[in-house]
Amino acid sequence: MAEFTMELNDEQKEVRDWLHGFAADVIRPAAAEWDEREETPWPVIQEAAKVGIYSLDFYAQQYFDPTGLGIPMAMEELFWGDAGIALSIVGTGLAAVGVLANGTEEQIGTWIPQMYGDANDVKVAAFCSSEPDAGSDVASMRTRAVYDEAKDEWVLNGTKTWATNGGIANVHVVVAVVDAELGSKGHASFIVPPNTPGLSQGQKFKKHGIRASHTAEVVLENVRVPGSCLLGGKEKLDQRLARARERAKTGGERVKNAAMATFEASRPAVGAMAVGTARAAYEVALDYAKTREQFGRPIIDNQGVAFQLADMRTSIDAARLLVWRASWMAINGKQFTAAEGSMSKLFASETAKKVTAQAVQILGGNGYTREYPVERMHRDAAIYTIFEGTSEIQRLVIARTLSGMSIR
Ligand SMILES: Cc1cc2nc3c(=O)[nH]c(=O)nc-3n(C[C@H](O)[C@H](O)[C@H](O)COP(=O)(O)OP(=O)(O)OC[C@H]3O[C@@H](n4cnc5c(N)ncnc54)[C@H](O)[C@@H]3O)c2cc1C
């Protein structure tokens, strides 16, 4: 087990500086354009693939870093560049984590490379859990997966919504109900391979922020996938369902469902994205406050402005510490006994919303225009308290974990 450390080692610092360079030189200059275009920034993803940032190797290296700091450090730097473009670069990672968390070695080796493609032909992947009537309430999911034993195929039917890269992905990871009586314990995750008939993109959403990231409905109409596309395999699913049925009868210990395993692993990473956006807005505000003069002196000469900056930086550092702690715990197999993953996501996402709003205020009229990046950062930051579990759901998870009671 790696000791918890707040200091990046030399190798990590080198990677951080390399990522920062890419974020500053490639992502940040393209941010305003792709935000206005509201399209997936394929040329930027391709550039990231060419230098090795958009690749399974890079992601795996960070994911398995024993200090746990690889992923949060990478997320912070890329999202410092721009949240919408960075989500287009790392969105595939959520689907990849879905496979890493629940798939067999063979499934990991087969599907994750197809999620990324290669530098000459980049691909993206989508993780599809949310539905129109099942957002926070995952147990209300209606998409069904029925096993056709004669053909050893699963047949998927339903509508997914809010899927990042939904419909444009090469590989879709779809969570579906296999046993409706078990609620969220009766869910399983499936790979839908490239060009599978029956899968189509529904509505593409026009969003408030992270507009360079594609978000859409995914419609599944009699989508047939081979038995080998059930993540973890049939035997493991049957055993898990049997245990869940037994526990439902006897009221025993809770069983984790497939989507939850993905979210638990990814929450600190979302916290790190929020830290990146918050830090970016804080830096713009600090520079602006030092150079903008009113009443014959820089506005930072006023405690009213300087204290805001002090609070912004304090919250950002506190958020990063919570994120790093949760990431270190996750990679070292430490149980989140106080819902530390949720804590990190809750605090970092609320920090990003608050800090970006403060940055807009410090820039005054300029902060309210698209001439300055804090306006976009403020719109982008609003997503962090919504996706991968809203702030209210994080509080629910934390309160339930601390109290051991099923608070509603
Ligand atoms: C840009 C974007 C990208 C996304 N990407 C993906 C993706 O790639 N894959 C995917 O599967 N999903 C994705 N999502 C979906 C996202 O995870 C959901 O939007 C989120 O879980 C909330 O669900 P909902 O929108 O249905 O809100 P609802 O669940 O309807 O919640 C509405 C409000 O009610 C509150 N609320 C609900 N229940 C409770 C409760 N018990 N106690 C207190 N408050 C409550 C919520 O906190 C929220 O404020 C994405 C969403 C967006 C906007």
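Conventions adopted
- Residue positions within a chain follow its written sequence, with the count starting from 1.
- Residue-level local features of this predicted model are given only where pLDDT is at least 70; pairs of side-chain atoms are given and counted only at 80 or more, and the full residue set underlies all totals for whole chains, interfaces and linings.
- Side-chain measures here rest on the full set of heavy atoms in the structure, leaving out hydrogens and waters.
- UniProt positions are given in the numbering used here, feature names are shortened, and annotations may be inferred rather than shown by experiment.
- Note: domain ranges come from an automatic or database domain assignment.
- Whether two residues touch is decided by their heavy atoms; if any such pair falls within 4.5 Å, the residues are in contact.
- Note on terms: buried area is the combined drop in 1.4 Å-probe accessible area of two parts once they are placed together, counting the loss on both.
- The salt bridge criterion pairs a side-chain nitrogen of Lys or Arg with a carboxyl oxygen of Asp or Glu, the two atoms within 4 Å.
- Note on pairing: DSSP must find at least two bridges between two strands before they are called paired.
- Think of it this way: any DSSP run of H or I at least four residues long counts as a helix, any run of E at least two long counts as a strand, and we number them from the N terminus.
- In this scheme, a residue with accessible area under 20% of its type's maximum is buried, one over 50% is exposed, and one in between is partly exposed, where area comes from a 1.4 Å probe on protein chains only.
- Every axis corresponds to a line fitted to the C-alpha atoms, with the helix fit spanning only the stretch in contact, and the corresponding angles, defined between N-to-C directions, vary from 0 to 180 degrees.
- Our angle categories are set so that under 35 degrees counts as roughly parallel, over 145 as roughly antiparallel, 65 to 115 as roughly perpendicular, and the remainder as oblique.
- If you view the pair so one helix is near and one far, a crossing is left-handed when the near helix is turned anticlockwise from the far one by less than a right angle, and right-handed when it is turned clockwise.
- Side-chain classes are defined by residue name, with Ala, Val, Leu, Ile, Met, Phe, Trp, Tyr, Cys and Pro counting as nonpolar, Asp, Glu, Lys and Arg as charged, and the others, Gly among them, as polar.

- Looking at an unreviewed UniProt entry, the protein carries the name Acyl-CoA dehydrogenase, with the source organism given as Streptomyces canus.
- UniProt annotates the protein under Cofactor (unreviewed entry) with the comment "FAD".

## Looking at the domain arrangement of the protein
Consideration 1: With domains assigned, the protein is organised as domain 1 (8–120), domain 2 (123–248) and domain 3 (256–401).
Consideration 2: The centre of domain 1, based on its C-alpha atoms, is set 20 Å off from the matching centre of domain 3.
Consideration 3: Taken residue by residue, the interface counts 31 residues in domain 1 and 29 residues in domain 3.
Consideration 4: Of the roughly 2300 Å² buried where domain 1 meets domain 3, counting both sides, 60% is carbon and sulfur surface.
Consideration 5: The tally of links between domain 1 and domain 3 comes to six salt bridges.

## Some thoughts on the pairing of strand β5 (residues 153–164)
Consideration 1: In the sheet, strand β4 (residues 144–148) pairs with β5 via five bridges, with the strands oriented antiparallel. Its bridge partner lying in β5, Val-146 is registered against Val-155.
Consideration 2: Following β4, the chain reverses through four residues before pairing antiparallel with β5; Asp-152 in that reversal takes a positive phi of roughly 50°.
Consideration 3: In the sheet, β5 pairs with strand β9 (residues 215–226) via nine bridges, with the strands oriented antiparallel. From the neighbouring strand, Thr-164 faces β9, where its bridge partner is Thr-215.

## Quick word on the environment of Val-97
Consideration 1: Mapped onto the elements of the fold, Val-97 is located in helix α5 (residues 83–102).
Consideration 2: Separated by 37 residues in sequence, Val-97 and Ala-60 place their C-alpha atoms 9.9 Å apart.

## Examining the environment of Cys-128
Consideration 1: With respect to the helices and strands, Cys-128 occurs in strand β3 (residues 125–128).
Consideration 2: When its relative accessible area of 1% is taken as the criterion, Cys-128 is described as buried.
Consideration 3: As for Cys-128 and Gly-166, which are separated by 38 residues in sequence, their C-alpha atoms are 7.4 Å apart.

## Quick word on the packing of helix α10 (residues 340–362) against helix α12 (residues 374–381)
Consideration 1: Put simply, α10 and α12 touch, their axes get as near as 9 Å, and they point 155° apart. Between α10 and α12, the crossing angle belongs to the class labelled roughly antiparallel. Taken as a pair, α10 and α12 cross one another with a handedness that is left-handed. Taking contact as the criterion, the partners of Ala-352, Lys-353, Thr-356, Ala-357, Ala-359 and Val-360 in α10 are, on α12, Val-374, Glu-375, Met-377, His-378 and Ala-381.
Consideration 2: Residues belonging to the contact of α10 with α12 are distributed by class as follows: seven nonpolar, two polar and two charged.

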